[in-house]
Amino acid sequence: MNAKIIDGKAFAATVRDRVARTVDRLKAEAGITPGLAVVLVGEDPASEVYVRSKGKATLEAGMNSYEHKLDADTSERDLLALIERLNNDPEVHGILVQLPLPAHLDPDVVINAIDPAKDVDGFHISNVGLLGTGQKSMVPCTPLGCLLMLREHHGSLSGLNAVIVGRSNIVGKPMAQLLLGDSCTVTIAHSRTRNLAEICRNADILVAAVGRPEMIPGDWVKPGATVIDVGINRIPHPEDGGKTRLVGDVDFDSAAAVAGAVTPVPGGVGPMTIACLLANTVTACSRAHGLPEPEGLTS
Ligand code: NDP
């Protein structure tokens, strides 16, 4: 293996440390405790795990965590009424509605009801527009985590060729905006892209956000490139079909033989996503109180 393994878990710990120090300062100097409200509708087991780990991380950073668990058959009216209450609650600086929502609830309506200043997931249409026009916004956590890792590894990203495989609203598109903002030359690929292998081989930075296990092999990777694997896929364990294991969208072993640096799965992008949720919450809190934003935690 040639590549440096980018340790997302270790870097996320330093980001969480920075967040905790900012929280201490907000408490000591301004008497403010940042608060994050997480809303879960229904009993999707994966969502319950995510919500629990977000709540735990929020408390560990010294912030207040408010969990709102609603029945699966909650009406849109009741959910919007809760969001309105949270929008008006001065103790709440960040609001996150865990997706996916039950089928009878329209995620666009729900997300766009959140006060954009408290939209720590960065999915509100105002934040999407602000990011797209290079203005100060709340930035989606996963691409923000990727950007912070890339900056940490490279320093300046200016002039590098970046290829993002995947064009979703939560990862691919905002990732492209962020890398453009850092002056990369950006290509977004998707399921209709022709000559995907060739396009990937041109990337100094290759971001895989597809959701297909180990789809990108090492011979699609330019020698020395930095590979960020966003994918989280559960596949049967090779030695024990009864068990499963997590893999990314990149074939790790063959990519690591060629790349300059690569993020592992698990332990790469995943831990950074939660760290950036905490970072967005302290950023939202600082902005709400007209205080300077914490350094190194935003785009
Ligand atoms: P989506 O399903 O919303 O988007 C997948 C994208 O991949 C689409 O743009 C799709 O193209 C493209 N795609 C699908 N098949 C191919 C193909 N054969 N060749 C090229 N492109 C293809 O997924 P998300 O963006 O939400 O998530 C992507 C992955 O990242 C998933 O594994 C998810 O679990 C993971 N994830 C991880 C997070 C973390 O914290 N680490 C957070 C969020 C997601 P098209 O638009 O043409 O259909």
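None of these values were measured; they are calculated from a predicted model. (Residues numbered from 1 in each chain as written. Predicted model: local features only at pLDDT ≥ 70, side-chain atom pairs only at ≥ 80, totals over all residues. Heavy atoms only, no water.)

Asker: I'm lost on helix H1 (residues 8–30) in this one. Help?
Answerer: Since the α-helix packs 3.6 residues into each turn, any two residues three or four apart lie on the same face. Along its 23 residues, H1 runs 32 Å from first to last C-alpha, staying within 8% of the 33 Å computed at 1.5 Å per residue. Within H1 the residues assigned to the buried category are Gly 8, Phe 11, Ala 12, Val 15, Val 19, Ala 20, Thr 22, Val 23 and Leu 26. The elements touched by buried residues of H1 are helix H6 (141–154) and helix H10 (269–288). Of the residues that open H1, the one with a side-chain oxygen 3.1 Å from the backbone nitrogen of Lys 9 is Asp 7. (Helix = DSSP H or I, 4+ residues; strand = E, 2+ residues; numbered from the N terminus. Expected span 1.5 Å × (residues − 1). Buried < 20%, exposed > 50% of the residue type's maximum accessible area, 1.4 Å probe, protein only. Contact = heavy atoms within 4.5 Å. Polar contact = N/O pair within 3.5 Å; in protein donor to acceptor, adjacent residues only side chain to side chain.)

Asker: How should I be thinking about the pattern of salt bridges in this particular structure?
Answerer: In a structure, side chains of opposite charge can pair up when their charged atoms sit close to one another. One pass over the structure, following the stated rule, counts nine salt bridges. A salt bridge links Asp 17 to Arg 21, with the shortest nitrogen-to-oxygen separation between them at 3.5 Å. Of the two residues, Asp 17 and Arg 21 both sit in helix H1, four residues apart, roughly one turn of that helix. The partly exposed category is assigned to Asp 17, whose relative accessible area is 44%. (Salt bridge = Lys/Arg side-chain N within 4 Å of Asp/Glu carboxyl O.)

Asker: Would you mind showing me how to read the site of the ligand here?
Answerer: If you check the shell around the ligand, you find 22 residues, and the closest are Arg 167, Ser 168, Ser 191, Arg 212 and Thr 273. In the model, an oxygen atom of the ligand is placed 2.7 Å from a nitrogen or oxygen of the Arg 167 side chain. A distance of 2.5 Å separates an oxygen atom of the ligand from a polar atom in the side chain of Ser 168. For the ligand, whose free accessible area comes to 930 Å², the fraction covered by protein is 70%. Ranked by the residues each element gives to the shell around the ligand, the list is headed by H10, at three residues. (Near = heavy atom within 4 Å. Areas by Shrake-Rupley, 256 points an atom, 1.4 Å probe, with all protein chains shown as cover.)

Asker: Looking at this model, I keep getting lost on the domain arrangement of the protein. Mind explaining?
Answerer: As a measure of interface size, the accessible area lost when the parts come together is often cited. For the protein, the assigned domains read domain 1 (31–117) and domain 2 (141–271). One C-alpha centre belongs to domain 1, the other to domain 2; they are set 29 Å apart. (Domains from an automatic or database assignment.)

Asker: Just to check I follow, could you spell out the sheet that holds strand E8 (residues 226–229) for this structure?
Answerer: The pairing of strands in a sheet happens through backbone hydrogen bonds and is either parallel or antiparallel. With parallel pairing, the six strands of this open sheet are ordered in space as E1-E11-E8-E7-E5-E6. Strands at the two margins of the open sheet, each flanked by one partner only, are strand E1 (4–5) and strand E6 (185–189). Direction of pairing for strand E5 (residues 161–165) relative to E6: parallel, over a ladder of five bridges. Within E6, the position partnered with Val 165 by the bridge is Ala 189. Across the sheet, H6 is in contact with E1, strand E7 (205–208), E8 and strand E11 (261–262); its angle to E8 comes to roughly 160°. (Pairing = 2+ DSSP bridges. Axes fitted to C-alpha atoms, helices over the stretch in contact; angles between N-to-C directions.)

Asker: Would you explain empty space enclosed by the protein in this entry?
Answerer: Left-over empty space is what a probe sized like a water molecule reveals as it rolls over the atoms. Applying the stated criterion across every chain yields a total of one cavity of 30 Å³ or more. The space that makes up the largest cavity amounts to roughly 30 Å³. Residue lining of the largest cavity: Ser 137, Met 138, Val 139, Leu 144, Asn 280, Thr 283, Arg 287, Leu 297, Thr 298 and Ser 299, and that is the complete set. Of all the elements, H10 adds the most residues to the lining of the largest cavity, at three residues. (1 Å grid on protein atoms, 1.4 Å probe; cavity = no way out; pocket = protein on both sides within 12 Å on 5 of 7 lines; lining within 4 Å. Points joined across faces, edges and corners; volume = space filled by probe spheres on them.)

Asker: Explain the layout of surface pockets to me, please; I cannot follow it from the model alone.
Answerer: Taken as a whole, the largest pocket holds about 1,300 Å³ of empty space. What lines the largest pocket is a set of 45 residues, among which Tyr 50, Thr 142, Ile 232, Gly 270 and Thr 273 lie closest to the centre. Contributions of two or more residues to the lining of the largest pocket are made by helix H2 (45–60), strand E4 (94–97), H6 and H10. When residues in the lining of the largest pocket are grouped by element, the largest group, nine residues, is from H2. Looking at side-chain class alone, the lining of the largest pocket contains 25 nonpolar, eleven polar and nine charged residues. When we break the lining of the largest pocket down by domain, the ones giving at least three residues each are domain 1 (31–117) and domain 2 (141–271). When its volume is computed, the second largest pocket comes out at roughly 430 Å³. (Nonpolar A, V, L, I, M, F, W, Y, C, P; charged D, E, K, R; others polar.)

Asker: Whenever I open this one, the packing of H6 against H10 confuses me. Can you help?
Answerer: Think of two packed helices as two axes; the pair is described by the angle between the axes and how far apart they sit. Two elements in contact, H6 and H10, have axes whose closest approach is 8 Å; the angle formed by their N-to-C orientations is 105°. When the axis of H6 is compared with that of H10, the two are roughly perpendicular. Taken together, the residues of H10 that come into contact with H6 (itself represented by Cys 141, Thr 142, Leu 144, Gly 145, Cys 146, Leu 148 and Met 149) are Val 269, Met 272, Thr 273, Cys 276, Leu 277 and Asn 280. In terms of residue class, the contact of H6 with H10 is made up of nine nonpolar, four polar and no charged. (Parallel < 35°, antiparallel > 145°, perpendicular 65-115°, else oblique.)

Asker: It is not clear to me how unusual backbone geometry should be interpreted in this structure. Could you clarify?
Answerer: Glycine aside, a negative phi is what most residues show, and trans is what most peptide bonds show. Between Leu 99 and the following residue, Pro 100, the backbone shows a cis peptide bond with an omega angle of 0°. In this structure, Pro 100 sits in the loop between E4 and helix H4 (107–111). Of note, the bond from Val 265 into Pro 266 is cis; its omega dihedral lies within 30 degrees of zero at 0°. Within the element layout of this structure, Pro 266 appears in the loop between E11 and H10. Of note, Asn 195 is a non-glycine position whose phi angle comes to about 55°, a positive value.

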